[in-house]
Amino acid sequence: MTAAALPTRSIRFVYPDDMDPLWSRRRPEFACAANSVSLLMPYVEPYVVKSVRAALPDLDEDLRAQARAYLDQEKAHHVQHRRLNDLLTRRYPRLQRLERLMRRTFAWLGRRRSPAFNLAFAAGFETVAYSSARWTDKHLRELFAGAHPLPATLFLWHLAEEVEHKSVAYDVQRATGGKRLTYALGMVVSMLLLAGFSVAGTLVMLREEGLLFSPRAHARLLKWSVSFVFELFPTMLVSALPGHHPSMLADPPFLGRWLESLDPATGTMPAWSMDFLEP
Ligand SMILES: [Fe+2]
Ligand SMILES: [Fe+2]
């Protein structure tokens, strides 16, 4: 992929103050799970950005240009998630404790781990993000039918760009002499941290919404978790094998097509609607 093929989109989401943070009444437990991922983004993505930015002087011109475009995409992601997170922490103040733990965790990693590990984490995080996009692409109808279009657009735009830049952090890690084993370790650590924080955030929100003991909510979450594991683990395994490159991973069919509906003049995405799934 060339630098020109990785665009920077100026997208800004403005949520009405009275928007329901439980933005899918049909699948409220999915809204809780997705919100918990959103909560994490302003902590994990700046760590990833710093890790890749630190390697810029060591890259050749072409890869440096790609890495810069990648960094611009990542910075836009967590800025837009923060707006949603402001709504979430107002509605669920208990999330603030979890946010403090997220802040401390990623600040600690950035301070205490080696540049090689930090880059491996960034590359591994991208593999997990790519798998999340592919899993979501397969479950769009179930997850997003009846959802509020603004948060749905935020998540789908973010995931579509995760697919678009799936190779860049990996290329940076390898170009700076990073080992595949370190990449595999970074992938496992990022998966464990994302999973742990996502479960914790989801439980806080389920509790606040009176769904903590809802068998239906837990049955759906379990079903989605199992199917996600079947998406993620084979991708992680194959990615750890010698000779594998993220460009070998097939892009999900819908998300890339949907990105093409961005209006370049205004830099806006059309709000999500189920009509996009119609042929
Ligand atoms: Fe991102
Ligand atoms: Fe990413």
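Not measured: the values here are computed from a predicted model. (Residues numbered from 1 in each chain as written. Chains lettered and ligands numbered in written order. Predicted model: local features only at pLDDT ≥ 70, side-chain atom pairs only at ≥ 80, totals over all residues.)

1. Points about the overall build of the protein
Phase 1: On a plain count of helices and strands, the protein comes out with 10 helices and zero strands.
Phase 2: Computed over its C-alpha atoms, the radius of gyration of the protein comes to 18 Å, within 12% of the 19 Å expected for a compact globule of 279 residues.
Phase 3: Projected onto its principal axes, the C-alpha positions of the protein cover 50 × 40 × 35 Å.
Phase 4: Taking contacts inside the protein between residues at least 6 apart in sequence as the whole, the part at least 24 apart equals 88%. (Helix = DSSP H or I, 4+ residues; strand = E, 2+ residues; numbered from the N terminus. Rg over C-alpha atoms; globule rule 2.2 N^0.38 Å. Contact = placed C-beta atoms within 7 Å.)

2. Comments concerning the packing of helix H4 (residues 115-138) against helix H6 (residues 149-164)
Phase 1: Interhelical geometry of H4 versus H6 gives an angle of 125 degrees and a closest axis separation of 8 Å. For the element pair H4 / H6, the angle class is oblique. The interaxial crossing formed by H4 with H6 has left-handed handedness. Counting all contacts with H4, which are made through Ala129, Tyr130, Ser132, Ala133 and Thr136, the residues of H6 involved are Leu159, Ala160, Glu162 and Val163.
Phase 2: Residues that form the contact of H4 with H6 fall into these classes: six nonpolar, two polar and one charged. (Axes fitted to C-alpha atoms, helices over the stretch in contact; angles between N-to-C directions. Parallel < 35°, antiparallel > 145°, perpendicular 65-115°, else oblique. Left-handed = near helix turned anticlockwise from the far one by under 90°. Nonpolar A, V, L, I, M, F, W, Y, C, P; charged D, E, K, R; others polar.)

3. Overview of the packing of helix H1 (residues 28-53) against helix H3 (residues 95-112)
Phase 1: Contact geometry of H1 with H3 gives a least axis separation of 9 Å together with a crossing angle of 10 degrees. With respect to each other, H1 and H3 are oriented roughly parallel. For the pair H1 and H3, the contacting residues are Leu39, Leu40, Tyr43, Val44, Tyr47 and Lys50 in the first and Leu95, Leu98, Glu99, Met102, Arg103, Phe106, Leu109 and Gly110 in the second.
Phase 2: Its residues placed into classes, the contact of H1 with H3 shows 10 nonpolar, one polar and three charged.

4. As for the nonpolar core
Phase 1: Membership of the largest hydrophobic core comes to 67 residues, with the highest contact counts inside it found for Val52 and Leu156.
Phase 2: Of all the elements, H1 adds the most residues to this core, at 13 residues.
Phase 3: With near-sequence residues (within four places) excluded, Val52 lies in contact with Ala67, Tyr70, Leu71, Leu119, Ala122, Ala169 and Val172. (Core = buried A, V, L, I, M, F, W, Y, C linked by C-beta atoms within 7 Å. Buried ≥ 20, exposed ≤ 12 C-beta atoms within 10 Å, placed from the backbone.)

5. So, the environment of Arg25
Phase 1: Tracing the backbone shows Arg25 in the segment before H1.
Phase 2: A C-alpha to C-alpha distance of 32 Å links Arg25 and His165, two positions 140 residues apart in sequence.

6. Here's the deal with H1
Phase 1: Between the first and last C-alpha of H1 there are 37 Å, a value that for 26 residues agrees with the 38 Å anticipated at 1.5 Å per step.
Phase 2: Of all the bends in H1, the greatest reaches close to 45 degrees and is centred on Met41; the proline Pro42 follows between one and four positions later. (Expected span 1.5 Å × (residues − 1). Bend = angle between axes of the 7 residues up to and from the residue.)

7. Focus: the environment of Arg91
Phase 1: Locating Arg91 in the fold gives a position in helix H2 (residues 61-91).
Phase 2: On the neighbour-count criterion, Arg91 (16 C-beta atoms within 10 Å) is partly exposed.
Phase 3: Separated by 70 residues in sequence, Arg91 and Pro21 have C-alpha atoms that sit 7.4 Å apart.

8. Overview of helix H8 (residues 180-208)
Phase 1: For H8, with 29 residues, the first-to-last C-alpha span of 42 Å sits near the 42 Å given by 1.5 Å per residue.
Phase 2: Along H8, the residues classified as buried are Tyr183, Gly186, Met187, Ser190, Leu193, Phe197, Ser198, Gly201, Thr202, Val204, Met205 and Leu206.
Phase 3: Elements that come into contact with the buried residues of H8 comprise H1, H3, H4, helix H7 (168-175) and helix H9 (215-239).
Phase 4: Positive backbone phi, approximately 75 degrees, marks Gly210, located one or two places after H8.

9. Thoughts on the environment of His139
Phase 1: Structurally, His139 is set in the loop between H4 and helix H5 (140-144).
Phase 2: Residue classification places His139 among the partly exposed residues on the basis of 14 C-beta atoms within 10 Å.
Phase 3: Once the C-alpha coordinates of His139 and Thr153 are considered, the two residues, 14 residues apart in sequence, prove to be 15 Å apart.

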